[in-house]
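Reading the structure
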Amino acid sequence: MPAELAPSILAADFAKLGEDVAACERAGADRIHIDVMDNHFVPNLTMGPEVAAACGRSCGLLLEAHLMVEEPDSIIPAFVAAGVGLITVHYEACRQLHRTVSAIRRLGARPGVGINPATPADFLTQILDEIDLALVMSVDPGFGGQEFQRGAIAKLVELRSMIDTRGLSCELEVDGGVDASNAAACVNAGATVLVAGTSVFRAPGGVAAGVGCLFAKMGRSATPVDRPPSIS
Ligand code: DX5
Ligand code: ZN
């Protein structure tokens with residue numbers, strides 16, 4: 001199964017978000033990554049469920065919400081209602097992680113758990129069997145356009161081994177500074193989903209070129225979808 005690409009809309013042009021999201025789908029991207037920040041867990045404030053719903057009206061792709069939010073329990077239902085199919089919370093932001101993961105699944109979405117660069121991979125040992133996605137941050141969360149931290153590669157290798165040893169189907173995602181210079185290393189380390197914001201939406205040749213360049217490094221051929229932009 002080839003690795004998937006999840007463009008992060010944090011780097012999109014919010015003046016034409018629907019067009020940018022539709023362009024990702026036409027270019028063959030697999031899911032849309034929605035970065036939610038509360039200015040508490042991270043020093044930035046971004047978007048909420050309404051933006052997720054707008055993305056859902058603009059494409060037919062899986063929507064995954066990355067909640068960089070302290071104690072996210074109270075906002076999870078609104079993202080599920082907005083059509084988000086996968087919700088990732090942070091290990092560092094949840095006091096009762098099993099309870100939060102169970103709540104996401106009970107509400108009908110797939111649960112993911114993310115760890116920051118300074119958080120060891122084995123901190124996911126006790127929750128790995130309960131989740132559908134483990135997210136390795138390759139930057140300190142809060143902003144797009146940051147430099148990829150190479151330490152993420154070893155953590156991907158470690159988690160790939162943990163997942164395979166246990167025979168789990170948990171996805172392994174990497175997020176932050178992913179571009180043509182490190183995408184192949186991430187895939188070779190065992191990542192099954194790559195998140196990319198700047199290298200997709202700020203690509204000199206536009207979204208299709210950005211997606212195609214990453215696909216080439218991921219060992220995939222672009223599978224453009226012949227779909228007119230759908231903005232409702
Ligand atoms: C950072 C976010 C990432 C980021 C990715 O806190 O979680 O998803 O937006 O954007 P780039 O690819 O530009 O680093
Ligand atoms: Zn993210």
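None of these values were measured; they are calculated from a predicted model.

Some thoughts on the pattern of salt bridges
Within the structure shown, the criterion is met by 11 salt bridges. Between Asp 20 and Lys 16 there is a salt bridge, with its nearest N and O atoms 2.5 Å apart. A residue is classified by how much of its surface remains accessible, and Asp 20, at 6% relative accessible area, is buried. For Lys 16, a relative accessible area of 31% corresponds to the partly exposed category. Through salt bridges with shared partners, one network takes in Glu 4, Arg 31, Glu 64, Arg 105, Arg 110, Asp 132 and Glu 171.

Considerations on the site of ligand 1
If you check the shell around ligand 1, you find 20 residues, and the closest are Asp 35, Gly 142, Asp 175, Gly 197 and Thr 198. One of the side-chain nitrogen or oxygen atoms of His 66 is found 3.1 Å away from an oxygen atom of ligand 1. One of the side-chain N or O atoms of Thr 198 is found 2.5 Å from an oxygen atom in ligand 1. In isolation ligand 1 offers 380 Å² of accessible surface; the protein chains occlude 99% of this area. Of all the cavities here, the one that holds ligand 1 is the largest pocket. Mapped onto the shell around ligand 1, the elements with two or more residues apiece are β2 (31–37), β3 (62–68) and β8 (193–196). Residue composition of the shell around ligand 1, by class: 8 nonpolar, 10 polar and 2 charged.

Observations regarding the coordination of the zinc ion (ligand 2)
Coordination of the zinc ion (ligand 2) by the protein involves His 33 (NE2), Asp 35 (OD), His 66 (ND1) and Asp 175 (OD), with metal-donor separations of 2.1 to 2.2 Å. Classification of the site at the zinc ion (ligand 2) as octahedral follows from its 6 donor atoms and the range of 73 to 176° in their angles at the metal. Spacing between the donor residues of the zinc ion (ligand 2) along the chain follows H-x1-D-x30-H-x108-D. Of the two residues, Asp 35 sits in strand β2 while Asp 175 sits in strand β7 (residues 171–175), which places them 140 residues apart along the sequence.

Concerning the side chain of Glu 173
Here Glu 173 shows up in strand β7. Buried charge without a partner: Glu 173 forms no salt bridge, and the closest opposite charge is Arg 31, 4.4 Å away. When residues no more than four places from it in sequence are discounted, the contact partners of Glu 173 are Ala 6, Arg 31, His 33, Glu 64, Leu 133, Ala 134, Leu 135, Val 136, Leu 156, Val 193 and Val 195.

Observations regarding the layout of surface pockets
Approximately 420 Å³ is the volume found for the largest pocket. Forming the boundary of the largest pocket are 31 residues, of which Gly 144, Gly 145, Gln 146, Gly 176 and Gly 177 lie nearest the centre. Put simply, the parts of the chain that give the lining of the largest pocket at least two residues each are β2, β3, β8 and α7 (198–201). When the residues that make up the lining of the largest pocket are grouped by side-chain class, the tally is 12 nonpolar, 13 polar and 6 charged.

What to know about the packing of helix α1 (residues 17–27) against helix α2 (residues 49–58)
Packed helices, taken two at a time, are described by their axes: the angle between them and the distance between them. Put simply, α1 and α2 touch, their axes get as near as 9 Å, and they point 50° apart. Overall, the two elements α1 and α2 adopt an arrangement that is oblique. In the packing of α1 onto α2, the handedness of the crossing is right-handed. Taken together, the residues of α2 that come into contact with α1 (itself represented by Leu 17, Gly 18, Val 21, Ala 22 and Glu 25) are Val 51, Cys 55 and Ser 58. In terms of residue class, the contact of α1 with α2 is made up of 5 nonpolar, 2 polar and 1 charged.

Quick notes on the confidence of the model for the protein chain
Here the protein chain averages 96 in pLDDT, and 95% of its residues register 70 or above. Throughout residues 226–232 the model reports pLDDT below 50, and contacts reaching past four residues in sequence, or to other chains, amount to 16 contacts.

Focus on unusual backbone geometry
Its identity is not glycine, yet Asn 39 carries a phi of approximately 60°, on the positive side. Relative to the elements of secondary structure, Asn 39 occurs in the loop between β2 and α2. Using a relative accessible area of 45% as the deciding quantity, one classes Asn 39 as partly exposed.

A short note on helix α8 (residues 207–218)
In this model α8 runs 16 Å from its N-terminal to its C-terminal C-alpha over 12 residues, within 8% of the 16 Å that 1.5 Å per residue would give. Among the structural elements, β1 (4–7), α1, α6 (183–188), β8 and α7 are those in contact with the buried residues of α8.

The rules behind these values
Residues numbered from 1 in each chain as written. Chains lettered and ligands numbered in written order. Predicted model: local features only at pLDDT ≥ 70, side-chain atom pairs only at ≥ 80, totals over all residues. Heavy atoms only, no water. Salt bridge = Lys/Arg side-chain N within 4 Å of Asp/Glu carboxyl O. Buried < 20%, exposed > 50% of the residue type's maximum accessible area, 1.4 Å probe, protein only. Near = heavy atom within 4 Å. Polar contact = N/O pair within 3.5 Å; in protein donor to acceptor, adjacent residues only side chain to side chain. Areas by Shrake-Rupley, 256 points an atom, 1.4 Å probe, with all protein chains shown as cover. 1 Å grid on protein atoms, 1.4 Å probe; cavity = no way out; pocket = protein on both sides within 12 Å on 5 of 7 lines; lining within 4 Å. Sits in = over half its atoms within 2 Å of the grid points. Helix = DSSP H or I, 4+ residues; strand = E, 2+ residues; numbered from the N terminus. Nonpolar A, V, L, I, M, F, W, Y, C, P; charged D, E, K, R; others polar. Donors = N, O, S within 2.8 Å, 3.2 Å for Na, K, Ca; no water. Tetrahedral: all angles 85-135°; square planar, octahedral: opposite > 155°, others 65-115°. Lys, Arg positive; Asp, Glu negative; His and termini not counted. Contact = heavy atoms within 4.5 Å. Points joined across faces, edges and corners; volume = space filled by probe spheres on them. Axes fitted to C-alpha atoms, helices over the stretch in contact; angles between N-to-C directions. Parallel < 35°, antiparallel > 145°, perpendicular 65-115°, else oblique. Left-handed = near helix turned anticlockwise from the far one by under 90°. pLDDT = per-residue confidence, 0-100. Expected span 1.5 Å × (residues − 1).

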